[in-house]
Amino acid sequence: MKPAIAVVVLLSSLLAVSSAAEKFDFFYLVQQWPGSFCDTRQGCCFPDTGKPAADFGIHGLWPNYAKCGRGRQEELASAVLGEDDVAFLSGVGRRGKCWPEYCDDGNALSPWEIRDLVASLHRDWPTLSCKSGRSFEFWSYEWKKHGTCSNLAQHEYFARALALKARHNLTVILAGAGIVPSDTETYPLSSVRDAIARGTGFTANLECNRDADGNAQLFQVYQCVDREGNKLIDCPLSMPTKCSRDQVKLPVF
Ligand code: 5GP
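Residues numbered from 1 in each chain as written. Predicted model: local features only at pLDDT ≥ 70, side-chain atom pairs only at ≥ 80, totals over all residues.

(A) Fine view of the overall build of the protein chain. Along the protein chain, the regular secondary structure elements total nine helices and seven strands. The buried share of the protein chain, taken over its 253 residues, is 34%. Taking all contacts inside the protein chain whose residues are at least 6 apart in sequence as the whole, residues at least 24 apart take part in 76%. (Helix = DSSP H or I, 4+ residues; strand = E, 2+ residues; numbered from the N terminus. Buried ≥ 20, exposed ≤ 12 C-beta atoms within 10 Å, placed from the backbone. Contact = placed C-beta atoms within 7 Å.)

Pasting the structure below:
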């Protein structure tokens, strides 16, 4: 084999191996407000278990890097091969990856592994998408895309997300600060941020979306969690909030 071809083969296999052994810095526990998922132009559907409670629901537990970038393998490869070839071989752009995903496609979620959690998952992690109405499909997707990169077994991954949500109930925390679901009231974003920081002890990132009339509303809360999925931490990154206005709604669900 010519040396140049050998280098390409070696680096390609390094890139393939490195993606299976991804490291990450923290998790985002992402929870969605159901009223804000449902009142958009796109709308929502209730799962086959019925209308979920008027409570934040889990969207996912996502491994994340503190800094977007490329792993050592990709840096080494780009020094030898050049940026464009590495982007082509690894699927990682110049800015790099901000999180690992799809780390083990052979590791599909097994209903047996999470059998004792299913009742809690239906309550706390329901799907609102109109795709299938089956929450198990949502959990399977989240496991495949994010959970397989978490270094946690299937049961641990779901049990830890549920435990974190139960320890810091966002709906109760916001209500304690007078931030209650309403179709007329709006709240300063800073008061939402402060209430969550006071109630949980840690800063979170907030994401807004728009209802069908274009009003800004609180959509998702991103809480940062240690690498074991056990404890909240202050978010090492702030994200764009997509909250174009300072006042946001928390619509009735
Ligand atoms: P992610 O944001 O984790 O990359 O992708 C979420 C996927 O789960 C999308 O394909 C979305 O259609 C699907 N999904 C199913 N149910 C829900 C839900 O209740 N909320 C959200 N945000 N996505 C859902």
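(B) Examining the site of the ligand more closely. Every residue close to the ligand is listed here: Gln32, Phe37, His59, Gly60, Thr127, Leu128, Ser129, Lys131, Phe138, Tyr141, Glu142 and Lys145. Contributing elements (two or more residues each) for the shell around the ligand: β2 (57-64) and α6 (135-145). A per-element tally of the shell around the ligand places α6 first, with four residues. Classifying every residue of the shell around the ligand by side-chain character gives four nonpolar, five polar and three charged. (Near = placed C-beta within 6 Å. Nonpolar A, V, L, I, M, F, W, Y, C, P; charged D, E, K, R; others polar.)

(C) Spatial organisation of the nonpolar core. Of all hydrophobic cores here, the largest spans 39 residues; its most connected members are Leu29, Val192 and Leu218. Sort the elements by how many residues they give to this core and strand β5 (residues 216-225) lands first, with seven residues. Discounting residues that sit within four places of it in the chain, leucine 218 has contacts with Trp33, Ser36, Val192, Leu206, Cys208, Val248 and Leu250. (Core = buried A, V, L, I, M, F, W, Y, C linked by C-beta atoms within 7 Å.)

(D) Region of the structure containing the environment of aspartate 39. Note that aspartate 39 resides in the loop between α2 (34-38) and β2. Sequence-distant contacts of aspartate 39, defined by excluding residues within four places in its chain, comprise Asp211, Ala212 and Pro251.

(E) A look at the confidence of the model for the protein chain. Summary statistics for the protein chain give a mean pLDDT of 87 and a share of 81% for residues scoring 70 or more. Taken together, the stretch residues 5-19 has pLDDT below 50 and engages in 14 contacts with residues farther than four places along the chain or on a different chain. Within the model, pLDDT remains below 50 along residues 86-91, and this stretch shows 11 contacts once partners closer than five positions in the same chain are excluded. (pLDDT = per-residue confidence, 0-100.)

(F) Molecular detail of the environment of glycine 229. Its place among the elements puts glycine 229 in the loop between β5 and β6 (232-233). In contact with glycine 229, other than residues within four places in its own chain, are Phe27, Leu61, Ser150, Leu152 and Arg160.

(G) Representation of the UniProt feature "active site" (unreviewed entry) in the protein chain within the structure. The sites that UniProt annotates as "active site" (unreviewed entry) are His59, Glu142 and His146. Taking the farthest pair of C-alpha atoms as the criterion, the annotated set spanning 88 residues converges on one region, since that pair is 11.1 Å apart. Relative to the elements of secondary structure, glutamate 142 occurs in helix α6. Non-local contacts of glutamate 142, meaning those with residues more than four positions away in its chain, are made with Gly60 and Gly147. Along the chain, histidine 146 falls in the loop between α6 and α7 (154-167). Each residue touching histidine 146, except ones within four places of it in the same chain, is listed here: Gly60, Leu61, Trp62, Pro63 and Glu101. (UniProt positions renumbered as here; feature names shortened; annotations may be inferred.)

(H) Quick peek at unusual backbone geometry. Even without glycine at this site, tyrosine 102 takes up a positive phi of about 45°. Topologically, tyrosine 102 is positioned in the loop between α4 (83-90) and α5 (118-124). The phi dihedral of lysine 242 falls on the positive side, at around 60°, and the residue is not glycine. Tracing the backbone through its elements, the reader meets lysine 242 in the loop between β6 and β7 (247-250). By C-beta crowding, lysine 242 is classed as partly exposed, having 13 other C-beta atoms within 10 Å.

(I) α7, seen in detail. Over its 14 residues, α7 runs 20 Å from end to end, which matches the ideal 20 Å to within 8%, given 1.5 Å per residue. All of the buried residues in α7 are Gln154, Tyr157, Phe158, Ala161, Leu164 and Lys165. Down the axis, α7 shows its buried residues gathered within 130° of arc, on one side only. Facing away from the buried surface of α7 by more than 90 degrees, the exposed residues are Ala163, Ala166 and Arg167. The secondary structure elements touched by the buried residues of α7 are β1 (26-32), β2, α5, α6 and β5. (Expected span 1.5 Å × (residues − 1). Arc of directions from axis to C-beta.)

(J) Layout of the pairing of β5. With 10 of its 10 residues buried, β5 lies for the most part within the structure. One ladder, built from six bridges, connects β1 with β5; its direction is antiparallel. When the sheet's bridge partners are listed, glutamine 32 is paired in β5 with glutamine 220. Relative to β5, strand β4 (residues 204-210) runs antiparallel, the two being bridged by seven bridges. In the sheet register, leucine 206 faces β5, and the bridge partner there is valine 221. Where β4 folds back on β5, the antiparallel hairpin that results is connected by five residues, among which glycine 214 adopts a positive phi of roughly 90°. Sheet topology note: the β5/β6 ladder contains two bridges and is antiparallel. Each residue of the ladder has a partner; that of cysteine 224, found in β6, is isoleucine 233. Remark: six residues form the turn of the hairpin made by β5 and β6, two consecutive strands paired antiparallel; glycine 229 in that turn has positive phi of roughly 75°. (Pairing = 2+ DSSP bridges.)

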